[in-house]
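What the coordinates show
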Amino acid sequence: MTGLEPAITVHDLGHAYETSAGRITVLDRVTCTVLAGQIVAVMGPSGAGKSTLLCVLGGLEPPQSGSVTVVGRDLRLLSSDQLAAYRRETVGFVFQDFALLGQLTALENVELALTLGRVRRGRRDRAKELLAAVGLAHRFDHRPHALSGGENQRVAIARALANSPELILADEPTGNLDAGSTGAILDLLTGLPRDHGCTLVIVTHDPVVAARADRVLLLADGRIAA
Amino acid sequence: MTWRDAIALAARSVGRKLGRAVLTVLAVGLAAALLSSLLIASTAAQRRVLDQVSDGGPLAGIQVAPAEPDPGALDSDNPPRGDPRPIDDNALREIAALPNVDAVVPIVANPAIVVPPPDPLPGADPRRRDLTRAGTFEPYFDTVVGVDIAQADDLPIAIIAGRLPLAGAPEAAVSSGYLRRLGIDKGQADEVVGTEIVVGAPRGFVDGDDVYVRGRWVRLLVVGVVAQELGSGQVLVPLGEAQAARRWSTAGVETERFDIPESPYTGLFVVAHGLDRVPAVRQAITDVGYSTSAPETLIESVQRYLRVVEIVLAGIGVIALAIAALGITNAMLAAVRERRREIGVLKALGASNRDVRRIFLVEAGTLGFLGGIVGTVVGYGAAQLLAGVVNGYLRSQRLETVQLGLPLLLVVAVVVGSTVLALVAGTVPAQRAARLPARQAMGDR
């Protein structure tokens, strides 16, 4: 289910890192468009620039050259504070290793996203609702170490959805999961555009995951190969 | 992110590395304890020294003598007196109405024949028996001093046993000089309380060519012992009793056997509105025409010296706190290093640089606040322990002990000071955390 409007427009995006060995170009004139509601898988070998692309799309790093527009926002023009606002209002992240805060319970981890999202009232109820929606109504008070990998990723997905983002960025979301959990998490993730009206970009090495996408972007040497 | 949210999150973060947090809090706590115990001890010592200098009375106390001022020695703490000049009710009212005068306590002294209990009291030093004849104490000439008991707090009187006599009651307090006369040590002052003395106001009668002395005798219950003597008297009574004795004595004829003061009031004790107003009040009383004395120069010198001691002690405490603050900086920098990923994740979730800085500052402030509370409690305990040792020594030397207080201002200053210092110490780590790139959310890839 896709909309006709582009959610993401990337034009001539370039990105490089300075290292002791010299300058390394990780993205080289990348151009692509993702329509709203689309599920896009980004694939490619290690070092191809997948994670950097995700960082730029997610506002974790400003684009160095070229332009990136996400749901009408030109990321080049955003200040540090505006990028933070963009991240909390527009983007939801799902990480390979879940990136949950170990000292917080599942409920508190989801609530944290709402807190950082400047939600003042009803945070607890909203967090419970989100956890229940990913099938964790019985795990509110469990800390990450007491949950399975699949359950932790469900908490991470609930957290990513906390502020009703228009774009979900998932970095190898099934990379740390067993086969049984992988299917369930994929079902959950690929259902997000349908259920929440968001666009989903998944970085993955897994062809099974890519097979569930509407479209696959293949990155090689910092360029879109296909 | 609100401060409340930041505090909730910081509390969780502090609790995560409990061992490190406890050690950091202890470091701050020990430094704060050192600072607070030094300040508590120095405050107590300052109070004790100033009490000693001012004889337990107000620091801004001025003694007014029934004499004219000596124009050549007005700037001295204790100048020589000029010619006698009686202090009457008009003078009292005039002085009370002067600017910067808080209170005026009239003092009436009258000669008296004091008859102590005949038998030596328990604990009396047998070596002082030279004051007795046939094993009993003899009556002796002394002075009774009367003051308005309701204003006793304004007088340089320190009670070492019992209480002051009640106005209108046949009661008296005796001085430490009376104890010495009876061969009793200050530490056994309680032995005197509850005994009775007979006091006679003398009056001269003419019988032919001879002058005889008759007494107005009153039996007084000794209810307390004071450390100082007001004037030269060893017996302190309510003002009314001294005035009655004086009326009796002045109604007789003059005799060489005793000296009746000419002045209705043998002195005034004036309390100025602060030590800094003492010179002005003394000058005003001088202008009225009376000689004054006050230990203002001595007190100011002592205060200056004590202030220096206090500053040195506070300096030691502040250095300790500064070292503890470095400990906080170190612990917080370690936390930032360890939590780079977490900081990145917070930023990925939308935390601004300001949010991250606030979280780490609150963490530092929490450590400082807890350390301040621990330090105040431990410091007070340490000061009490120190006071116990010091008081043991003072008691062995038959000296008055010191009493410790825990001023609310000190508690607030130490807790707030520790918190502020921790916030300052946490500034660099918080700034470093805030500047970490959001990309840290993806790990160190």
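To start, this report covers the structure provided alongside it. Because the structure is a prediction, the values reported are computed rather than measured. (Residues numbered from 1 in each chain as written. Chains lettered and ligands numbered in written order. Predicted model: local features only at pLDDT ≥ 70, side-chain atom pairs only at ≥ 80, totals over all residues. Heavy atoms only, no water.)

Okay, the overall build of chain A next. Tallying secondary structure elements over chain A gives eight helices and ten strands in all. Counting over 226 residues, chain A shows a buried share of 56%. Relative to all contacts within chain A whose residues are 6 or more apart in sequence, the contacts with residues 24 or more apart total 72%. By element, 50% of the accessible surface of chain A is carried by carbon and sulfur atoms, the whole surface being about 9,300 Å². (Helix = DSSP H or I, 4+ residues; strand = E, 2+ residues; numbered from the N terminus. Buried < 20%, exposed > 50% of the residue type's maximum accessible area, 1.4 Å probe, protein only. Contact = heavy atoms within 4.5 Å. Areas by Shrake-Rupley, 256 points an atom, 1.4 Å probe, with all protein chains shown as cover.)

Another point: a nonpolar patch on the surface. Residues and elements named next belong to chain B. Residues Leu18, Val22, Leu23, Leu26, Val374 and Val378 make up a contiguous nonpolar surface patch of roughly 500 Å² in combined accessible area. Of all elements in the fold, only helix 2 (18-53) and helix 9 (353-396) reach the threshold of two or more residues within the nonpolar patch. Top element by residues in the nonpolar patch is helix 2. It accounts for four residues. Positionally, Val374 belongs in helix 9. (Patch = residues over 30% accessible without salt bridge, like charges linked within 9 Å, V, L, I, M, F, W, Y side chains within 5 Å. Salt bridge = Lys/Arg side-chain N within 4 Å of Asp/Glu carboxyl O.)

Turning our attention to the interface of chain B and chain A. By a widespread convention, an interface's size corresponds to the accessible area lost as its parts come together. Contacts between the two partners involve 25 residues from chain B and, on the opposite side, 30 residues from chain A. Note on chain B versus chain A: buried area summed over both sides is about 2,500 Å², and carbon and sulfur give 56% of it. Summed over the shared surface of chain B and chain A, the result is five salt bridges. In this structure, the salt-bridge partner of Asp97 of chain A is Arg341 of chain B, at a minimum N-O distance of 2.4 Å. (Buried area = accessible area lost by both parts, 1.4 Å probe.)

Time to look at helix 6 (residues 278-288) of chain B. The set of residues buried in helix 6 of chain B consists of Val278, Val281, Arg282, Ala284, Ile285, Thr286 and Val288 of chain B. Backbone geometry just downstream of helix 6 of chain B places Gly289 of chain B in the positive-phi region, at approximately 120°.

Quick look at the packing of aromatic side chains now. Counted under the stated rule, the structure contains two aromatic pairs over all chains. Arranged with centres 5.7 Å apart and planes meeting at 5°, the rings of Phe93 of chain A and Phe95 of chain A form a pair that is stacked. Each member of the pair, Phe93 of chain A as well as Phe95 of chain A, carries the same accessibility label: buried. The ring of Phe95 of chain A is capped by Arg341 of chain B, whose NZ or CZ atom sits 5.4 Å from the centre of that ring. Directly above the aromatic system of Trp3 of chain B lies the positively charged group of Arg358 of chain B, at a separation of 4.2 Å from the ring centroid. (Phe/Tyr/Trp six-rings, centres within 6.5 Å; stacked < 30°, edge-to-face > 60°. Lys NZ or Arg CZ within 6 Å of the ring centre and 35° of its normal.)

With the rule as written, the count across this model stands at 22 salt bridges over all chains. The residue Asp195 of chain A makes a salt bridge to Arg194 of chain A at a minimum N-O spacing of 3.2 Å. Judged by relative accessible area, Asp195 of chain A falls into the exposed class, the value being 51%. Assessed through its relative accessible area of 55%, Arg194 of chain A is described here as exposed. Arg216 of chain B is the partner of Glu241 of chain B in a salt bridge, and the nearest nitrogen-oxygen pair spans 3.1 Å. Placement of Glu241 of chain B in helix 5 (residues 239-250) and of Arg216 of chain B in strand 11 (residues 210-226) is noted, with a sequence separation of 25 residues between them. One network of salt bridges, in which partners are shared, links Asp28, Arg29 and Arg223 of chain A.

All names here are of chain A. The four strands lie next to each other as 2-1-4-5, forming an open sheet whose pairing is antiparallel. Two strands close off the open sheet at either side, each with one partner strand: strand 2 (22-35) and strand 5 (73-74). The pairing of strand 4 (residues 65-70) with strand 5 spans two bridges and is classified as antiparallel. Across the sheet, the residue bridging to Thr69 is Asp74, located in strand 5. Where helix 1 (residues 50-57) meets the sheet, its contacts fall on strand 1 (6-19), strand 2 and strand 4, and the angle it forms with strand 1 comes to roughly 120°. (Pairing = 2+ DSSP bridges. Axes fitted to C-alpha atoms, helices over the stretch in contact; angles between N-to-C directions.)

Secondary-structure assignment places Thr24 of chain B in helix 2. Look past the residues within four positions of Thr24 of chain B in its chain and what remains in contact with it is Ile328, Ala331 and Leu367 of chain B.

Residues and elements named next belong to chain A. Phi at Arg29 takes a positive value of approximately 50°, unusual for a residue other than glycine. Tracing the sequence through the fold places Arg29 in strand 2. Exposure remark for Arg29: the relative accessible area of 53% places this residue in the exposed category. Located in the positive-phi region is Asp221, a residue other than glycine, with phi close to 50°. For Asp221, the location among the structural elements is in the loop between strand 9 (215-220) and strand 10 (223-224).

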